[in-house]
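Analysis of the macromolecular model
Listed below are the residues making up each chain.
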2 protein chains.
Amino acid sequence: MAHSHEAHHHERPRDLTRNQELVLTTLNNAEAPLSAYDILDKLRDEGLRAPLQVYRALEKLIEHGLAHRLESLNAFVCCADANCHGRASGTAAFAICSNGGRVDEFADPEVTARLAAWAGETGFALERTTIELRGRCAECRAA
Amino acid sequence: MAHSHEAHHHERPRDLTRNQELVLTTLNNAEAPLSAYDILDKLRDEGLRAPLQVYRALEKLIEHGLAHRLESLNAFVCCADANCHGRASGTAAFAICSNGGRVDEFADPEVTARLAAWAGETGFALERTTIELRGRCAECRAA
DNA sequence: GCGCGATATGTTATGACATTACGCTATCGA
DNA sequence: TCGATAGCGTAATGTCATAACATATCGCGC
Ligand SMILES: [Zn+2]
Ligand SMILES: [Zn+2]
Ligand SMILES: [Zn+2]
Ligand SMILES: [Zn+2]
């Protein structure tokens with residue numbers, strides 16, 4: 001509706017509210033994915049009291065491409081790929097270590113292309129893609 | 001209630017227990033993914049009372065490749081691809097319609113290969129892969 | 001048949017994850 | 001000033017999943 005000339009459509013990463021900033025910082029400092037309740041616990045001292053405060057912040061961060069939800073874990077990570085919030089990215093994929101919980105984010109253009117091709121052939125209007133690999137990372141295998 | 005399971009014609013399932021059979025049948029009859037609690041509700045008349053009875057059956061069905069868990073939905077579908085329980089399958093992918101809930105299972109060897117290649121390059125010991133597409137199916141778009 | 005391990009089952013209680021509903025406040029532009 | 005939009009705080013509730021424990025059943029060597 002309100003459709004004025006508008007500046008640009010890329011998001012300003014630093015337009016974050018206090019809660020969003022707190023949640024993003026928490027994710028950035030974490031070495032493994034955090035559940036919403038994990039995040040909440042870490043932010044009690046900052047005044048957060050209810051899950052919804054975290055979920056609302058996460059929703060916005062994910063919208064802006066600053067964080068991701070890992071469906072197979074019911075947990076969240078901060079984005080590790082500048083392309084995700086910059087320009088059109090390939091679909092993000094995540095390799096999740098079963099041992100340490102370490103998560104590696106990557107994008108494979110060929111995978112993205114093949115999935116898009118399947119969607120095109122079958123008339124499926126693709127909106128969102130989840131790709132999650134489970135296994136043991138190189139580091140944990142060495143140890 | 002007698003167990004008349006001597007003659008298993010067809011290469012359908014292996015020897016399933018009563019609960020596993022009930023759950024599989026329920027999934028087969030469903031047109032959309034079902035949550036464990038959905039399944040439980042449908043099987044109250046058969047004597048099932050607790051979530052765990054369903055989860056245990058699902059666990060076995062998934063082990064045998066007869067059903068799949070959709071991580072982004074916290075729900076379950078029966079397998080629609082004979083290759084999943086027959087031979088070495090490519091990684092299964094699922095296109096989930098946001099509208100009707102319809103799920104389409106497919107496998108793209110190239111996608112499987114690319115992900116395996118990434119794992120190989122980075123030393124990641126791949127155990128399990130989740131690929132889920134969200135969007136609107138052709139049928140719903142037409143309507 | 002008997003003993004025994006492996007597998008499946010039934011029940012209760014609890015834990016973990018996520019959302020609905022309501023009300024308040026700040027901001028911004030018509 | 002008014003109404004729309006967005007964010008925030010809180011309580012209650014809804015949804016998904018497992019722990020812990022007790023029984024039952026099957027297969028098989030003896
Ligand atoms: Zn990213
Ligand atoms: Zn690891
Ligand atoms: Zn399958
Ligand atoms: Zn559809």
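Data block above holds the structure.
In short, a report on the structure.

Definitions and cut-offs
Along each chain, residues carry numbers from 1 onward, in the same order as the chain's sequence is written. As they are written, the chains are lettered A onward and the ligands numbered 1 onward, keeping that order. The model is predicted, so local features are restricted to residues of pLDDT at least 70 and side-chain atom pairs to those at 80 or more, both for listing and for counting; the totals for chains, interfaces and linings are taken over all residues. Side-chain metrics rest on all non-hydrogen atoms present in the structure, leaving aside hydrogens and water. Only residues with pLDDT of at least 70 in both copies count here: their C-alpha atoms drive the least-squares fit that superposes the copies. Contact criterion: two residues are considered in contact whenever any of their non-hydrogen atoms come within 4.5 Å of each other. Coordination here is defined by N, O and S atoms within 2.8 Å of the metal (3.2 Å for Na, K and Ca), and since water is not considered, a site can look incomplete. A run of H or I in DSSP counts as a helix once it spans at least four residues, and a run of E counts as a strand once it spans at least two, with each numbered from the N terminus. The buried label applies to any residue whose accessible area, calculated with a 1.4 Å probe on protein chains only, is under 20% of its type's maximum; exposed applies above 50%, and partly exposed to all values in between. Throughout, buried area stands for the accessible area (probe radius 1.4 Å) lost by two parts on being put together, summed over both. A carboxyl oxygen of Asp or Glu within 4 Å of a side-chain nitrogen of Lys or Arg is what we treat as a salt bridge. Note on residue categories: nonpolar means Ala, Val, Leu, Ile, Met, Phe, Trp, Tyr, Cys or Pro, charged means Asp, Glu, Lys or Arg, and polar means any other residue, Gly included. DSSP-based pairing: two strands are paired if at least 2 bridges between them are found. Helix axes use the C-alpha atoms of the stretch in contact, all axes being lines fitted to C-alpha atoms, and the angles between their N-to-C directions lie in the range 0 to 180 degrees. We call a residue near a molecule or strand when any one of its heavy atoms sits within 4 Å of it. Polar contacts, as counted here, are pairs of nitrogen or oxygen atoms within 3.5 Å of one another; within protein the pair requires one atom able to donate a hydrogen and one able to accept it, and residues that are adjacent in sequence qualify only if both atoms are side-chain atoms.

For these two chains of identical sequence, chain B goes onto chain A by a turn of 180° and a shift of 0.0 Å along the axis, with RMSD 0.1 Å. The superposition operator between the copies reduces to a two-fold rotation axis. Interface overlap between copies is the fraction of interface residues in one copy that are interface residues in the other; for chain B against chain A it reaches 100%, indicating a shared surface.

This paragraph deals with the coordination of the zinc ion (ligand 4). Residue and element names in this part refer to chain B. Around the zinc ion (ligand 4), the protein contributes the donor atoms C97 (SG), C137 (SG) and C140 (SG), which lie 2.2 Å from the metal centre. Taken in sequence order, the residues that donate to the zinc ion (ligand 4) follow the motif C-x39-C-x2-C. With C97 in strand β3 (residues 92–97) and C137 in the loop between β5 (125–136) and α6 (138–142), the pair connects residues that are 40 residues apart, well separated along the chain. We note that C97, like C137, is buried.

The next subject is the interface of chain B and chain A. Contacts between the two partners involve 33 residues from chain B, matched on the other side by 33 residues from chain A. Approximately 3,000 Å² of surface area, both sides summed, lies buried where chain B meets chain A, with 62% of it carried by carbon and sulfur atoms. A salt bridge links R114 of chain A to D108 of chain B; the shortest N-O distance between them is 2.8 Å. Only β3, β4 (103–107), α5 (109–122), β5 and α6 of chain B provide two or more residues apiece to the side of chain B that touches chain A. The element that contributes the greatest number of residues to the side of chain B that touches chain A is β5 of chain B, accounting for 12 residues. Looking at side-chain class alone, the side of chain B that touches chain A contains 14 nonpolar, 8 polar and 11 charged residues. Pairing of strand β5 (residues 125–136) of chain A with β5 of chain B, which is carried by 11 bridges, proceeds in the antiparallel orientation.

Overall, mixed pairing links the 6 strands, which are arranged β4(A)-β3(A)-β5(A)-β5(B)-β3(B)-β4(B) in an open sheet. In this open sheet, the two strands that pair with only one neighbour each are β4 (103–107) of chain A together with β4 of chain B. Averaged over all neighbouring strand pairs, the angle between strand axes comes to 20°, with direction disregarded. Taken together, the 5 bridges between strand β3 (residues 92–97) of chain A and β4 of chain A define a ladder with antiparallel strand orientation. Residue pairing in the sheet places I96 of chain A in a bridge with V103 of chain A of β4 of chain A.

A few words now on the protein's contact with DNA strand D. In the vicinity of DNA strand D, 15 residues are found, and the nearest of them are Q53 and R56 of chain A together with Y37, Y55 and R69 of chain B. In DNA strand D, atoms within 4 Å of the protein come 48% from sugar and phosphate. At a separation of 2.5 Å, a base nitrogen of DNA strand D approaches a polar side-chain atom of R56 of chain A. Contact between DNA strand D and Y37 of chain B: a base nitrogen at 2.8 Å from a side-chain N or O atom of the residue. Broken down by element, the residue count for the surface near DNA strand D peaks at 4 residues, all from helix α3 (residues 51–63) of chain A.

This paragraph deals with the pairing of β5 of chain A. With 5 bridges joining them, β3 of chain A and β5 of chain A adopt parallel strand pairing. Note on β5 of chain A: the bridge partner recorded for F94 of chain A is E132 of chain A.

Lining the immediate surroundings of DNA strand C are 15 residues, of which Y37 and R69 of chain A together with T17, Q53 and R56 of chain B lie closest. In DNA strand C, atoms within 4 Å of the protein come from the sugar-phosphate backbone in 44% of cases. Separating a phosphate oxygen of DNA strand C from a side-chain N or O atom of N19 of chain B is a distance of 2.9 Å. One nitrogen or oxygen atom from the side chain of Q53 of chain B is found 2.5 Å from a phosphate oxygen belonging to DNA strand C. Elements supplying a minimum of two residues to the surface near DNA strand C: α3 of chain A together with α1 (18–29) and α3 (51–63) of chain B. It is α3 of chain B that contributes the most residues to the surface near DNA strand C, 4 residues altogether. Of the residues contributing to the surface near DNA strand C, the split by class is 5 nonpolar, 5 polar and 5 charged.

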